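Reading the structure
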There are 2 protein chains.
Amino acid sequence: MMRDVAIIGCSMTKFGRLDGKDLMEILVEASLKAIDDAGVSECDFDSVYVGNMLAGELSHQSAIASALVDRINLIPASAERIENGPASGGSAVKNGFLAVASGASDMVLVAGGEKMTGVDTSTISDLMSTLNHPDAEYVHGATMPAMAALFTRLYMERYSLTERHLAMVAVKNHANGMKNPYAALHKLCTVEDAMTSAMVSDPLRLYHCCPISDGAAAVVLCPAEKAKEFTTKPVKILGFGHATDTHTLQEREDPIILKSVKIAAERAFKMAKLNPRDMDVAELHDAFAILEIAESEDIGFFKKGEGQLALEKGVTAIDGELPINPSGGLKSKGHPVGATGVAQIVELVWQLRGEAGQRQVKDPERALACNFGGFGNNTIIHILERGD
Amino acid sequence: MMRDVAIIGCSMTKFGRLDGKDLMEILVEASLKAIDDAGVSECDFDSVYVGNMLAGELSHQSAIASALVDRINLIPASAERIENGPASGGSAVKNGFLAVASGASDMVLVAGGEKMTGVDTSTISDLMSTLNHPDAEYVHGATMPAMAALFTRLYMERYSLTERHLAMVAVKNHANGMKNPYAALHKLCTVEDAMTSAMVSDPLRLYHCCPISDGAAAVVLCPAEKAKEFTTKPVKILGFGHATDTHTLQEREDPIILKSVKIAAERAFKMAKLNPRDMDVAELHDAFAILEIAESEDIGFFKKGEGQLALEKGVTAIDGELPINPSGGLKSKGHPVGATGVAQIVELVWQLRGEAGQRQVKDPERALACNFGGFGNNTIIHILERGD
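This structure is a prediction, so every number in the text was calculated from the model and none was measured.

**Description of the overall build of chain A**
Within chain A one finds 14 helices and 11 strands. Taken over the C-alpha trace, chain A has a radius of gyration of 19 Å; the compact-globule value for 388 residues is 21 Å, and the two agree within 12%. Counting all 388 residues of chain A, 66% fall into the buried class. Within chain A, residue pairs in contact and separated by at least 24 positions form 77% of the contacts whose partners lie at least 6 positions apart.

So, in structure tokens, the structure goes:
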């Protein structure tokens with residue numbers, strides 16, 4: 001009943017510390033480049049979705065989607081901002097997909113962006129902590145790195161996962177990021193570097209955590225049957241899965257199973273009529289090193305407790321069997337929260353089109369993006385396929 | 001191609017100063033009452049959309065949609081917050097509609113809520129001013145009442161609209177609000193009261209502006225073909241229209257034509273295959289008195305410049321030919337910004353079901369809701385029909 005949906009254009013700004021550019025400027029930059037990439041005209045747009053978490057708190061602006069359509073001349077296209085914590089970008093893509101799939105819109109721009117640098121780290125840390133449960137976690141001083149550290153420690157106790165494995169996530173993703181001109185960090189990292197870096201929240205060290213970044217990304221969606229009018233390389237969105245879990249970590253039956261990831265993956269694979277073995281490349285939400293491993297298991301790529309073995313064997317390297325985070329991931333590319341879910345999809349579109357330059361995965365046909373909100377209480381997964 | 005969508009349950013909290021209840025508590029209250037009204041079980045839900053403008057700024061919470069699904073046991077339903085300024089509620093309903101229309105979801109909860117009291121009025125005034133253009137309006141001290149005052153003055157110069165007409169909007173809506181147990185203000189107002197009330201921004205006086213309120217509202221949506229399983233009184237959403245306009249008032253070709261309202265109305269009527277004369281009752285976004293009149297014209301109910309004549313003749317009274325704002329409107333019911341667009345639809349569902357008590361309009365079959373964001377740069381219109 002749904003219409004098939006294709007991505008016909010995409011782009012992103014460089015991620016990192018973008019001094020002198022405000023939130024609106026980076027959203028405009030990513031949006032105009034994506035529209036240009038799609039080769040469509042401004043008057044073609046029906047709808048605009050903007051993923052963003054902190055415009056009100058950090059940029060003192062509300063209704064930024066309405067502001068964006070004005071800035072890029074897409075009036076009278078409909079516009080709305082989606083805020084879903086670090087999953088805002090994936091959520092925006094999902095709603096853009098539904099606008100096209102339903103038949104309501106024929107051309108949709110989805111942009112995601114965040115401006116996070118230029119303020120105290122403690123302010124960012126506090127704002128990110130508002131994702132935690134206000135009474136059960138936040139008031140007790142639980143920050144995101146603290147939650148991730150508890151989660152990591154439990155993982156290490158249960159499975160044969162060591163600090164060395166965490167370091168190896170950083171090593172792989174920094175190496176990938178070196179090949180990505182859009183990545184925030186261009187810096188090789190050795191196992192030694194990671195294992196001796198500053199402690200953030202035991203056992204998580206600096207290199208196990210993503211950096212605070214600015215950045216924006218955008219994609220243009222239209223019905224798959226119209227995609228060929230605009231591009232020779234459309235990418236189809238075969239399916240999405242979106243699921244929630246308990247707000248607090250402590251209420252989960254098994255705190256180291258990411259049920260929102262499991263269910264979102266099941267839903268996405270069901271919709272796409274595919275399974276984990278059909279994927280050729282994936283972008284996962286490695287805000288903390290452990291998450292790349294845990295998500296790779298809960299999505300179904302590897303058995304629970306064995307994600308680190310795949311990492312050790314190089315399965316998830318760019319030239320491995322299932323490359324994970326060829327972009328450098330959140331770890332090295334950066335994590336402007338509202339942009340991340342859109343940027344994951346931009347990277348995968350480039351990979352599927354064969355336009356990922358030095359970090360190109362060999363001839364991928366299908367790809368998966370996992371955008372993870374809160375500490376795993378809201379996950380959105382998209383499955384993409386090369387359209388030619 | 002789209003599936004037909006019906007509203008099978010709805011509810012709202014009382015609007016006003018809800019001391020001792022935080023944002024999450026009022027969202028929970030409205031949501032649970034709507035689910036109860038629909039007679040569905042918690043496990044039936046696929047998706048939750050939450051309309052809210054200021055959770056981050058005023059309640060220090062992000063990703064409140066994820067928090068809500070946990071609080072009301074709808075896990076693993078998908079969840080996202082829609083922020084679209086004062087049009088957040090209408091935007092949330094629209095996206096909930098698309099989730100069902102597309103076939104992606106079979107049962108959707110849409111909640112809207114805002115907690116605005118208990119902080120300085122100057123803080124609220126500043127936050128609402130962030131809807132204005134940051135460089136062209138906000139930095140110059142342009143507040144929402146100031147924009148509305150400029151707009152009103154231009155209207156008075158062009159058409160035979162007087163301060164007395166503005167007062168008559170207040171008189172009608174306060175009288176209607178007296179009959180609405182959910183309204184923030186239960187206070188009769190005479191033309192004299194309104195015309196001698198404190199000046200807010202010349203020519204707008206206190207009674208020409210909506211009060212600052214707390215409140216939440218919620219609706220339950222499902223495919224129309226399944227609605228009869230749950231209720232004998234389904235209400236169909238026949239169509240929506242959503243459009244944007246320039247961010248600044250000064251850039252509009254004619255600053256007193258609300259183009260976003262005009263285009264949203266045209267789109268909604270086209271989708272519903274109806275026209276303005278088919279409507280039996282409407283809830284318009286009277287954040288300021290002039291807006292009820294201007295919207296009633298730009299939607300096409302009355303000729304431009306003649307909305308006040310309809311008001312004078314009683315056409316828009318509860319017992320008139322086209323009752324407008326039988327709920328009391330934003331003026332008397334209150335305007336918790338994220339809740340408003342959802343609450344308008346709740347009122348219209350009650351009207352269409354014949355459950356509006358003392359303020360019941362005579363036997364309405366079709367209804368229109370107009371939710372207006374910024375100073376008219378983002379409007380969402382929904383058209384509803386009694387399903388029996």
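Let's pick the thread back up.
**Observations regarding the pattern of salt bridges**
Residues and elements named next belong to chain A. Enumeration according to the criterion identifies 46 salt bridges over all chains in this entry. The shortest N-O distance in the salt bridge between aspartate 214 and lysine 115 comes to 3.1 Å. Taken as a pair, aspartate 214 in the loop between strand S6 (204–205) and strand S7 (215–223) and lysine 115 in the loop between strand S4 (108–114) and helix H5 (121–129) lie far apart in primary sequence, 99 residues in all. Across the pair, lysine 115 and aspartate 214 agree in class, each one buried.

**Quick look at the interface of chain B and chain A**
Taken together, the contact pairs 53 residues of chain B with 53 residues of chain A. Taking both partners together, chain B and chain A bury about 4,300 Å²; carbon and sulfur atoms supply 52% of that area. Contact with chain A buries area across many residues of chain B, yet Met1, His60 and Glu83 of chain B alone supply 13% of it, more than any other trio. Linking chain B to chain A there are four salt bridges. Taking the shortest distance from any N to any O, the salt bridge between arginine 81 of chain B and glutamate 83 of chain A comes out at 2.9 Å. Where chain B packs against chain A, one counts 35 residue pairs in polar contact (both at pLDDT 80 or more). For the side of chain B that touches chain A, the elements supplying multiple residues, two or more each, are helix H2 (55–59), helix H3 (64–71), strand S3 (78–83), helix H4 (88–101), helix H5 (121–129), strand S8 (235–244) and helix H10 (259–272) of chain B. It is S3 of chain B that contributes the most residues to the side of chain B that touches chain A, six residues altogether. The class makeup of the residues in the side of chain B that touches chain A is 23 nonpolar, 19 polar and 11 charged.

**Some words on the relation of the copies chain B and chain A**
Expressed as a screw operation, the relation of chain B to chain A combines 0.0 Å of axial shift with a rotation of 180°, fitting to an RMSD of 0.0 Å. With respect to symmetry, the two chain copies, as superposed, fit the operation of a two-fold axis. The rotation axis passes nearest to the C-alpha of serine 102 of chain B in chain B, at a distance of 2.0 Å.

**Notes on the environment of aspartate 19 of chain B**
All names here are of chain B. Inspection of the secondary structure puts aspartate 19 in the loop between strand S1 (5–12) and helix H1 (23–38). The exposure class of aspartate 19 is exposed, given its relative accessible area of 55%. With 99 residues separating them in the primary sequence, aspartate 19 and glycine 118 have C-alpha atoms 7.8 Å apart. At 3.0 Å, the side chain of aspartate 19 forms a polar contact with the side chain of arginine 17.

**Thoughts on the packing of helix H6 (residues 144–158) of chain A against helix H11 (residues 289–298) of chain A**
Residue and element names in this part refer to chain A. Running from N to C, H6 and H11 cross one another at 60°; their axes reach a closest spacing of 10 Å. Viewed along their axes, H6 and H11 adopt a mutual orientation that is oblique. Considering only the axes of H6 and H11, their crossing is left-handed. Counted together, Ala148, Phe151, Thr152 and Tyr155 of H6 and Ile290, Leu291, Ala294 and Glu297 of H11 form the full contact between these two elements. Considering only residue class, the contact of H6 with H11 consists of six nonpolar, one polar and one charged.

**Details of the packing of aromatic side chains**
Residues and elements named next belong to chain A. Inspection of the entire model under this criterion finds 14 aromatic pairs over all chains. Ring geometry for tyrosine 155 against tyrosine 159: centres 5.4 Å apart, planes inclined by 55°, an arrangement best described as tilted. Taken together, Phe151, Tyr155, Tyr159, Phe372 and Phe375 form an aromatic cluster joined through their ring pairs.

**Quick word on unusual backbone geometry**
In most cases, non-glycine residues show a negative phi, while peptide bonds are predominantly trans. The omega torsion across aspartate 202 of chain A and proline 203 of chain A is 5°, close enough to zero to call that bond cis. Considering the arrangement of structural elements, one finds proline 203 of chain A in the loop between strand S5 (199–201) and S6. A positive phi is found at aspartate 363 of chain A, a non-glycine position, where the angle reads about 45°. Since its relative accessible area comes to 53%, aspartate 363 of chain A is described here as exposed. Here the phi dihedral of asparagine 325 of chain B falls at roughly 55°; this positive angle occurs in a residue that is not glycine. You can see asparagine 325 of chain B is positioned in the loop between helix H12 (307–312) and helix H13 (329–333). Accessibility expressed as a relative area gives 0% for asparagine 325 of chain B, which makes it buried.

**Overview of the confidence of the model for chain A**
Interpretation of the predicted coordinates at a detailed level should be avoided for regions scoring low in pLDDT. Per-residue confidence for chain A gives a mean pLDDT of 97, with 100% of residues at or over 70. Under the prediction, the complex receives an ipTM of 0.98, its pTM being 0.98.

**A short note on the side chain of threonine 117 of chain B**
All names here are of chain B. In this structure, threonine 117 sits in the loop between strand S4 (108–114) and H5. For threonine 117, a relative accessible area of 12% gives the class buried. Reaching out from threonine 117, the side chain makes a polar contact with the side chain of aspartate 214 at a distance of 2.7 Å. Not counting residues up to four positions away in its chain, the partners in contact with threonine 117 are Gly16, Arg17, Leu18, Ile212, Ser213 and Asp214.

**Describing H3 of chain B**
Residue and element names in this part refer to chain B. In terms of residue burial, H3 counts as a mostly covered element, since seven of its eight residues are buried. By the burial criterion, the buried members of H3 are Ile64, Ala65, Ser66, Ala67, Leu68, Val69 and Asp70. In the segment just after H3, asparagine 73 is the residue with positive phi, at about 60°.

**A few points about the pairing of strand S3 (residues 78–83) of chain A**
Across a regular strand the side chains alternate sides, sitting on one face of the sheet and then on the other. A large share of S3 of chain A lies buried, amounting to six of its six residues. Burial along S3 of chain A is two-sided: Ser78, Glu80 and Ile82 of chain A facing one way and Ala79, Arg81 and Glu83 of chain A facing the other are all buried. Inspection of the sheet shows S3 of chain A paired to S3 of chain B by three bridges, in the antiparallel sense. Bridging from a neighbouring strand, isoleucine 82 of chain A pairs with isoleucine 82 of chain B of S3 of chain B.

**Focus on the side chain of serine 102 of chain B**
For serine 102 of chain B, the position within the fold is in the loop between H4 and S4. By relative accessible area, serine 102 of chain B is classed as buried at 3%. For serine 102 of chain B, the side chain forms a polar contact with the main-chain oxygen of alanine 99 of chain B, separated by 3.0 Å. Within the local environment of serine 102 of chain B, its side chain forms a polar contact with the backbone nitrogen of alanine 104 of chain B, the two atoms lying 3.2 Å apart. In this structure, serine 102 of chain B is in contact with Met2, Leu98 and Ser102 of chain A, ignoring residues within four places of it in sequence.

**A few points about the packing of H4 of chain B against helix H14 (residues 337–353) of chain B**
Residues and elements named next belong to chain B. Following both chains from N to C, one finds H4 and H14 inclined at 60°, their axes separated by 5 Å at the closest point. In terms of orientation, H4 and H14 fall into the oblique class. Judged by residue contacts, Ser88, Gly89, Gly90 and Val93 of H4 engage Gly338, Gly341, Val342 and Ile345 from H14. Taken together, the residues of the contact of H4 with H14 sort by class into three nonpolar, five polar and no charged.

Conventions used here
The residue count restarts for each chain, going from 1 along the sequence in the order it is written. Whichever chain is written first is A, and whichever ligand is written first is 1; the rest continue in order. This being a predicted model, a pLDDT of at least 70 is required before a residue's local features are given, and a value of 80 or more before pairs of side-chain atoms are given or counted; all residues contribute to the totals for chains, interfaces and linings. Derived side-chain values reflect all non-hydrogen atoms in the structure, with water molecules and hydrogen atoms excluded from consideration. In DSSP terms, a helix is any run of H or I states spanning at least four residues, a strand is any run of E spanning at least two, and both are numbered starting from the N terminus. Here the globule rule reads 2.2 Å times residues to the power 0.38, and the radius of gyration is calculated from C-alpha atoms. We call a residue buried when its accessible area falls under 20% of the maximum for its residue type, exposed when it is over 50%, and partly exposed in between, using a 1.4 Å probe and counting protein chains only. Here, two residues are considered to be in contact whenever any of their heavy atoms come within 4.5 Å of each other. Every case where a carboxyl oxygen of Asp or Glu lies within 4 Å of a side-chain nitrogen of Lys or Arg is listed as a salt bridge. Reported buried area values correspond to the accessible surface (1.4 Å probe) lost by two parts on association, with both partners' losses combined. Residues adjacent in sequence count toward polar contacts only when both atoms are side-chain atoms; beyond that, a polar contact is any pair of N or O atoms within 3.5 Å, and within protein one must be able to donate a hydrogen and the other to accept it. All residues other than Ala, Val, Leu, Ile, Met, Phe, Trp, Tyr, Cys, Pro, Asp, Glu, Lys and Arg, Gly among them, are scored as polar; the first ten of these are nonpolar and the last four charged. Each copy is superposed on the other by least squares, with the fit set by C-alpha atoms of residues at a pLDDT of at least 70 in both. The axes are straight lines fitted to the C-alpha atoms, using for helices just the contacting stretch, and the angles between their N-to-C directions are given from 0 to 180°. Angular relationships are summarised with four words: roughly parallel below 35 degrees, roughly antiparallel beyond 145, roughly perpendicular across 65 to 115, and oblique for the angles in between. Each crossing is labelled by how the near helix is turned from the far one, with a counterclockwise turn of less than a right angle marking it left-handed and a clockwise turn marking it right-handed. Planes of paired rings set the category: under 30 degrees apart is stacked, over 60 is edge-to-face and the rest tilted, where pairs are Phe, Tyr or Trp rings (Trp by its six-membered ring) whose centres lie within 6.5 Å. One number per residue, pLDDT, summarises how confident the predictor is, and it ranges from 0 to 100. Strand pairing requires that DSSP identify at least two bridges connecting the strands.

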